[in-house]
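Remarks on the overall topology
Here's the letter readout for the chains.
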Amino acid sequence: MESSGSTPVGLHHPSVPSGSMLRLFGRRVLLRPLVAADFPQWSEVRIRNERWLLPWEPQRIVGQPDPTRDREAFAVRCSARERERQLGTGYGFGIFVDGAFAGEINLNSVQRGPFQNAYVGYWIDKAKAGNNYMPECVVVICKFGFEDLRLHRLQVAIIPRNANSRKVVAKLGLREEGVALRYLEINGVWEDHVRYAITCEEWTQRRAELHAAWL
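Residues numbered from 1 in each chain as written. Predicted model: local features only at pLDDT ≥ 70, side-chain atom pairs only at ≥ 80, totals over all residues. Heavy atoms only, no water.

**Notes on empty space enclosed by the protein**
Here the idea is plain: a probe the size of a water molecule rolls over the atoms and shows the empty space left. To keep things clear, this is the line we draw: Think of a 1 Å grid over the protein atoms and nothing else: a 1.4 Å probe that fits but is trapped marks a cavity, an open set flanked by protein within 12 Å on at least five of seven lines marks a pocket, and residues with an atom within 4 Å of a point count as lining. Grid points are joined across faces, edges and corners, and a volume is the space filled by probe spheres set on the points. By definition, any uninterrupted DSSP run of H or I lasting at least four residues is a helix, any uninterrupted run of E lasting at least two residues is a strand, and each is numbered from the N terminus. Residues were grouped as follows: Ala, Val, Leu, Ile, Met, Phe, Trp, Tyr, Cys and Pro as nonpolar; Asp, Glu, Lys and Arg as charged; and all remaining residues, including Gly, as polar.
In total, this model carries two cavities of 30 Å³ or more according to the counting rule given. Around the largest cavity, the lining residues are Pro 33, Leu 34, Arg 77, Cys 78, Arg 81, Arg 85, Gly 92, Phe 93, Gly 94 and Glu 104. Every element with two or more residues in the lining of the largest cavity is listed here: helix 3 (71-87) and strand 3 (91-97). Ranked by residues supplied to the lining of the largest cavity, first place goes to helix 3 with four residues. Here the residues of the lining of the largest cavity sort into four nonpolar, two polar and four charged. Residue lining of the second largest cavity: Val 120, Val 138, Cys 142, Leu 154, Gln 155, Val 156, Leu 174 and Ile 198, and that is the complete set.

So, in structure tokens, the structure goes:
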């Protein structure tokens, strides 16, 4: 990875396009922020995949509007993500394959200062699973995180029994760092998570390999 001037990677606070201007491209996927007009296809995919996704996601707060069925709640969700981008604290992307919505991948809880870290989260439409779209998306996000945002470290946390998500990081050879006990509340239960990570030093070393394989 190349950095401009003498600014060390991980210490530069970049200027990143906001809102609908932000586009990230892989070999077959397009990543872009979701907007209110995406509600019909986002809602259709989420509702169709409820049984596939809910076991791996935090429990929705009782009484809170459901963005999968409430267009206004979805618009509020999009606005919240845009605000995160403006503040530099999070970057959420819809995944599009051949122009159709297929899932989401996010850089969450971006922390600056001495940590320079973010957490990667993702999900995909079951109908699109098994085509290696998600490993491609993770490489696109790593490139964005390290080369555009100049972060030092990206982490992925996965419930041990979530074999599909673990296959993604295994295909990419991300480093396993151990198990964090009762790490996150998932579907009403405090679940253990296996933690994986990659640093900018590792990205620099493996960039050509990952580009050739996935981008």
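The rest of the description comes next.
**Quick word on the side chain of Glu 136**
Note the threshold: Here a polar contact means two N or O atoms within 3.5 Å. Within protein one must be a hydrogen donor candidate and the other an acceptor candidate, and residues neighboring in sequence count only if both atoms are side-chain atoms.
Within the secondary structure, Glu 136 is located in helix 4 (residues 133-148). Here Arg 28 takes part through its backbone nitrogen, which lies 2.5 Å from a polar atom of the side chain of Glu 136.

**A closer look at the environment of Phe 144**
Where we set the bar: Only protein chains enter the accessibility calculation, which uses a 1.4 Å probe; a residue whose area is less than 20% of its type maximum is buried, one above 50% is exposed, and one in between is partly exposed.
Secondary-structure assignment places Phe 144 in helix 4. According to the relative accessible area criterion, Phe 144 is buried, its value standing at 2%. Between the C-alpha atoms of Phe 144 and Leu 107, which are 37 residues apart in sequence, the distance is 9.7 Å.

**Thoughts on the packing of aromatic side chains**
In plain terms, the rule: The aromatic pairing rule takes the rings of Phe, Tyr and Trp, using the six-membered ring of Trp, and pairs them if the centres are within 6.5 Å, calling planes under 30 degrees apart stacked, those over 60 edge-to-face and the rest tilted. Our definition puts a charge over a ring when NZ of Lys or CZ of Arg is within 6 Å of the ring centre and also within 35 degrees of the ring normal.
This model, assessed by the stated rule, comprises seven aromatic pairs. Ring centres of Phe 39 and Phe 74 lie 5.7 Å apart, and the angle between their planes is 50°; this geometry places the pair in the tilted category. Residue Phe 39 is found in helix 1 (residues 39-48), and its partner Phe 74 is found in helix 3; the two are separated by 35 residues along the sequence. Among the residues examined, Phe 39 registers a relative accessible area of 10% and is labelled buried. A residue is classified by how much of its surface remains accessible, and Phe 74, at 0% relative accessible area, is buried. Among the aromatic side chains, those forming a connected cluster through ring pairs are Phe 39, Trp 42 and Phe 74. Looking at Arg 46, its charged tip hangs above the ring of Trp 123, at a distance of 4.8 Å from the centre.

**Here's the deal with the packing of helix 4 against helix 5 (residues 163-172)**
As a reminder of what qualifies: Geometry is summarised by axes, namely lines fitted to C-alpha atoms with helices restricted to the contacting stretch, and by angles between N-to-C directions that run from 0 to 180 degrees. We call two directions roughly parallel when the angle between them is under 35 degrees, roughly antiparallel when it is over 145, roughly perpendicular when it lies between 65 and 115, and oblique otherwise. By definition, any crossing whose near helix is turned counterclockwise from its far helix by less than a right angle is left-handed, and any crossing with a clockwise turn is right-handed. Residue contacts follow a heavy-atom distance rule, with two residues in contact if any of their heavy atoms lie within 4.5 Å.
The interhelical angle for the contact between helix 4 and helix 5, taken along N-to-C directions, is 60°, at an axis separation of 9 Å. As summarised for this structure, helix 4 and helix 5 are arranged oblique, according to the angle between their axes. The two elements helix 4 and helix 5 meet at a crossing, and its hand is right-handed. Across the interface between the two elements, Met 134, Pro 135, Val 138 and Val 139 from helix 4 touch Val 168, Lys 171 and Leu 172 from helix 5. Each residue belonging to the contact of helix 4 with helix 5 can be placed in one class, and the counts come to six nonpolar, no polar and one charged.

**Considering unusual backbone geometry**
Of note, Asn 132 is a non-glycine position whose phi angle comes to about 65°, a positive value. Position of Asn 132 relative to the elements: it lies in the loop between strand 5 (117-124) and helix 4. By relative accessible area, Asn 132 is classed as partly exposed at 29%. Here Asn 187, not a glycine, exhibits a phi torsion of approximately 50°, which is positive. Counting through the fold element by element, Asn 187 comes out in the loop between strand 7 (175-186) and strand 8 (189-199).

**What to know about the environment of Val 62**
As for its position among the elements, Val 62 is in the loop between helix 2 (50-53) and helix 3. For Val 62, a relative accessible area of 83% puts it in the exposed group.

**Considering the state of the cysteines**
The cut-off we apply is this: Sulfur atoms of two cysteines make up a disulfide when they are within 2.5 Å.
Applying the stated criterion across every chain, the model contains zero disulfides. There is no disulfide at Cys 78, and the cysteine sulfur nearest it, in Cys 137, is 18 Å away. Note on Cys 137: no disulfide assigned, nearest cysteine sulfur contributed by Cys 142 at a separation of 11 Å.

**A look at the pairing of strand 8**
This is how it is decided: Pairing between strands is defined by DSSP: at least two bridges between them are needed.
As paired elements, strand 6 (residues 153-158) and strand 8 share six bridges and run antiparallel to each other. Bridge assignment links Arg 153 to a residue of strand 8, and that residue is Thr 199. Taken together, the eight bridges between strand 7 and strand 8 define a ladder with antiparallel strand orientation. Within strand 8, the position partnered with Leu 184 by the bridge is Glu 191.

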